[in-house]
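Coordinate inspection notes
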Amino acid sequence: MARWIVLLGPSVRPSVLHTEPLFTRPCVHRMWSSFNEWFWQDTLWLPPNSTWADLEDRDGLVYPHPQDTLAALPLAMALVAMRFAFERFVCVPLSRWLGVRDQARRPAKPNAILEKYFLTEGCNPKEPQMAFLAAQCGFTLQQTQRWFRRRRNQDRPCLTKKFCEASWRFVFYLCSFFGGLSVLYHESWLWTPVMCWDNYPDQPLKPGLYYWYILELSFYVSLLITLPLDVKRKDFKEQVAHHIVTITLIVFSYSANLLRIGSLVLLLHDASDYLLEACKIFNYTRWRQVCDALFIIFSLVFFYTRLVLFPTQILYTTYYESIANSGPFFGYYFFNSLLLALQLLHVFWSCLILRMIYSFTKKGQMEKDVRSDVEESDSSDGEVAQEPVQLKNGAAHGPGAAPTDGPRSRGAGRLANGHAPAT
């Protein structure tokens, strides 16, 4: 226990001891020590009749220790730097070579009133509020609608950014899956999950498993770091929940020496993740046939690993076989609760994929992204295409008719009372 108390306890330099009130430092130290003793008590993390002393390194055997996970923090920052360099010097030139082109977008003209509403109230106001803003700015309703469409479009990621993000994740997931497969291929628990509990928790740590595990943890930490910069999708909240649950699972499973079952969870996820990113890449490059074929393969692998293997092999062995030789404890309930939350996310994404399969069978091909129904599309609301139709005496004219700001737009101006159709 001293190992973790030393790690988490406060460190005070002797040179500043005289500057602290004598009655505060011992009190804080005792509170912190008490918290450490409670947090790292054996009954919370380990099965009955097991102690942290059983996981001390001895006789040339190395065991996982909670402080080892701290190595993921600097490694996560290194992965972020590698990602930016990879996207800048590899993905961007590759996207140009493969024909990925960003669609031209007209920026919204600066307007303080509309910008303030956009940032504080929302990016898609209702028609009555749109008419009120148009009157405030001296615009027609059509001009105000066009401003909001262009302003929303400015915040949407370009195709090149999507391609770069998918390429980085594809490379990592591909390397992680085959790297993890090489680490686990000769291990008994890969083929027989019940072996994950053989002589648990007295299971020495192998170097290959350690490096792969910390690398996976670092990658998911890096995903949290870059969340503000990544493409925002409609399942953003679910993605954040997935990252948090995954990081918690990795840290807890490493600290409690649940690496065997944890490694199976990681491998099952990586098995379909790289296929998803590959499908995105070929969709962005408009290689439709390759994208369609990958989408079918990805769907089959996803359903088999997440809806068949995960509940029947992973959840079954953690719920029943893990306590066959010992009673349940807090870590048992905590770990299984996280796995159940992960399974609920699997069901959520499976429903989205089923919707994509329905659209795929109905239309015969993938139209946008493999998860286009959960992503904001560049062409949603029609903001990038052509200018809105001009009105003159009730007759519609093409985009080359008359400018909306001139006298010929009076017909549209008279519709600014809230009866103009949205464009």
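Computed from a predicted structure; not experimentally measured. (Residues numbered from 1 in each chain as written. Predicted model: local features only at pLDDT ≥ 70, side-chain atom pairs only at ≥ 80, totals over all residues. Heavy atoms only, no water.)

1. Examining the nonpolar core
Filter applied, for reference: Nine residue types can take part in a nonpolar core, namely buried Ala, Val, Leu, Ile, Met, Phe, Trp, Tyr and Cys, and a core is a set of them joined through side-chain atoms within 4.5 Å. Exposure is judged per residue with a 1.4 Å probe applied to protein chains only, and the accessible area is read against the type maximum: over 50% gives exposed, under 20% gives buried, and values in between give partly exposed. Only DSSP runs of H or I covering at least 4 residues are called helices, and only runs of E covering at least 2 are called strands; the numbering of each starts at the N terminus. Any two residues whose heavy atoms approach within 4.5 Å are treated as being in contact.
W45, L258, I261, F310, I314 and L339 are the most contacted members of the largest nonpolar core, which has 69 residues in total. A per-element tally of this core places helix α12 (residues 259–284) first, with 13 residues. When sequence neighbours within four positions are dropped, the list of residues in contact with W45 reads F39, W40, W52, Y200, F252, S255, A256 and F329. Counting eleven residues, the second largest nonpolar core, distinct from the first, contains A108, F118, A131 and W147.

2. A few points about the packing of aromatic side chains
Rule in force here: Two aromatic rings, drawn from Phe, Tyr or Trp (for Trp, its six-membered ring), form a pair once their centres lie within 6.5 Å of each other, and the interplanar angle then sorts them: stacked below 30 degrees, edge-to-face above 60, tilted otherwise.
Summed over the entire model, instances satisfying the criterion amount to 33 aromatic pairs. Consider the rings of F39 and W45, whose centres lie 5.5 Å apart with planes at 70°: the pair is edge-to-face. You can call F39 partly exposed: its relative accessible area is 30%. Relative to W168, the ring of F86 lies with its centre 5.9 Å away and its plane at 55°, an arrangement referred to as tilted. In this pair, F86 is assigned in helix α4 (residues 72–97) and W168 in helix α8 (residues 159–184), connecting sequence segments 82 residues apart.

3. Brief notes about the environment of T312
Selection criterion: The definition of a polar contact used here is a pair of N or O atoms within 3.5 Å, where within protein one atom must be able to donate a hydrogen and the other to accept one, and adjacent residues in sequence count solely through side-chain atom pairs.
For T312, the position within the fold is in helix α13 (residues 288–319). Residue T312 is classed as partly exposed on the basis of its relative accessible area of 43%. Among the polar contacts listed, one links the side chain of T312 to the backbone oxygen of V308, at a separation of 2.4 Å.

4. A short note on the confidence of the model for the protein chain
When pLDDT drops low, the exact placement of atoms in the prediction is not to be read closely. Going by this rule: Each residue carries a pLDDT score, the predictor's confidence in it, ranging from 0 to 100.
Averaged over the protein chain, the pLDDT score is 79; the fraction of residues at 70 or greater is 79%. For the protein chain, helix α15 (residues 410–413) is the element with the lowest average pLDDT, namely 37, and helix α10 (residues 207–225) is the one with the highest, namely 95. Confidence over residues 1–23 falls short of pLDDT 50; this stretch has 30 contacts with residues more than four positions distant or in other chains. Scored below 50 in pLDDT, residues 369–423 makes 111 contacts in the model with residues more than four places away or belonging to other chains.

5. Some details on the pattern of salt bridges
We apply this condition: Here, a salt bridge means any Lys or Arg side-chain nitrogen found within 4 Å of an Asp or Glu carboxyl oxygen.
Counting across every chain of the model gives nine salt bridges. The shortest N-O distance in the salt bridge between R169 and D230 comes to 3.4 Å. Placement of the pair is R169 in helix α8 and D230 in the loop between α10 and α11 (236–255), with a sequence separation of 61 residues. Look at R169 and you get buried, because its relative accessible area is 10%. In this structure, D273 and R306 form a salt bridge, with 3.0 Å as the shortest nitrogen-oxygen distance. Remark: R306 occurs in helix α13 and D273 occurs in helix α12; sequence separation between them is 33 residues. Considered together, D273 and R306 belong to a single accessibility category, that of buried residues. Because the salt bridges share partners, they merge into one network encompassing R83, E87, E165, R169 and D230.

6. With respect to unusual backbone geometry
The omega angle of the peptide bond from Y200 to P201 is 5°, so this bond is cis rather than trans. Note on placement: P201 falls in the loop between α9 (188–191) and α10. Residue N257 is not a glycine yet carries a positive backbone phi of 60°. Considering the arrangement of structural elements, one finds N257 in the loop between α11 and α12. Taking relative accessible area as the criterion, N257 reaches 3% and is therefore assigned buried. Unusually for a residue other than glycine, R286 sits at a positive phi of about 65°. Counting through the fold element by element, R286 comes out in the loop between α12 and α13.

7. Re the environment of I323
Assignment of secondary structure puts I323 in the loop between α13 and α14 (330–363). Each C-alpha atom, one on I323 and one on P47, is 8.6 Å from the other, the two residues being 276 residues apart in sequence. Setting aside residues no more than four positions away along its own chain, I323 makes contact with P328 and Y332.

8. Notes on the packing of α13 against α14
Condition: Fitting a line to C-alpha atoms yields each axis, with helices limited to the stretch in contact; the angle taken between N-to-C directions then spans 0 to 180 degrees. Working definition: roughly parallel below 35 degrees, roughly antiparallel above 145 degrees, roughly perpendicular at 65 to 115 degrees, and oblique for all remaining angles. The handedness criterion is simple: a crossing whose near helix is rotated anticlockwise from the far helix by less than a right angle is left-handed, and one whose near helix is rotated clockwise is right-handed. Asp, Glu, Lys and Arg are counted as charged, while Ala, Val, Leu, Ile, Met, Phe, Trp, Tyr, Cys and Pro are counted as nonpolar; the rest, among them Gly, fall into the polar class.
Between α13 and α14, the least distance of the axes is 10 Å, while the angle of their chain directions is 155°. With respect to each other, α13 and α14 are oriented roughly antiparallel. Pair α13 / α14 crosses with left-handed handedness. Residue composition of the contact of α13 with α14, by class: 23 nonpolar, six polar and two charged.

9. Details of the state of the cysteines
The test is simple: Here, a disulfide means two cysteine sulfur atoms that sit within 2.5 Å of each other.
Tallied over the entire structure, the rule returns zero disulfides. No disulfide involves C279; its nearest neighbouring cysteine sulfur is the one of C291, lying 3.7 Å away. For C279, a relative accessible area of 0% corresponds to the buried category.

10. Examining helix α5 (residues 112–120)
For clarity, the threshold we go by: The directions considered for the arc are those from the helix axis to the C-beta atoms.
By the burial criterion, the buried members of α5 are L114, Y117 and F118. Seen along its axis, α5 keeps its buried residues to an arc of 100°; they face one direction. Opposite the packed face of α5, turned more than 90 degrees from it, sit the exposed residues A112, K116, L119 and T120.

11. Topic: a nonpolar patch on the surface
The criterion, for reference: Distance thresholds for patches are 9 Å for like charges and 5 Å for nonpolar side chains (Val, Leu, Ile, Met, Phe, Trp, Tyr), applied to residues having over 30% relative accessible area and no salt bridge. Exposure was quantified through the Shrake-Rupley algorithm and a 1.4 Å probe, taking into account, for residues, occlusion by the shown protein chains and nothing else.
Nonpolar side chains collect at one region of the surface, where Y304, L307, V308 and V347 lie side by side and expose about 320 Å² of accessible area between them. When residues of the nonpolar patch are assigned to their parent elements, the largest contribution, three residues, is made by α13. Residue position: Y304 is located in helix α13. Judged by its relative accessible area of 48%, Y304 falls in the partly exposed class.

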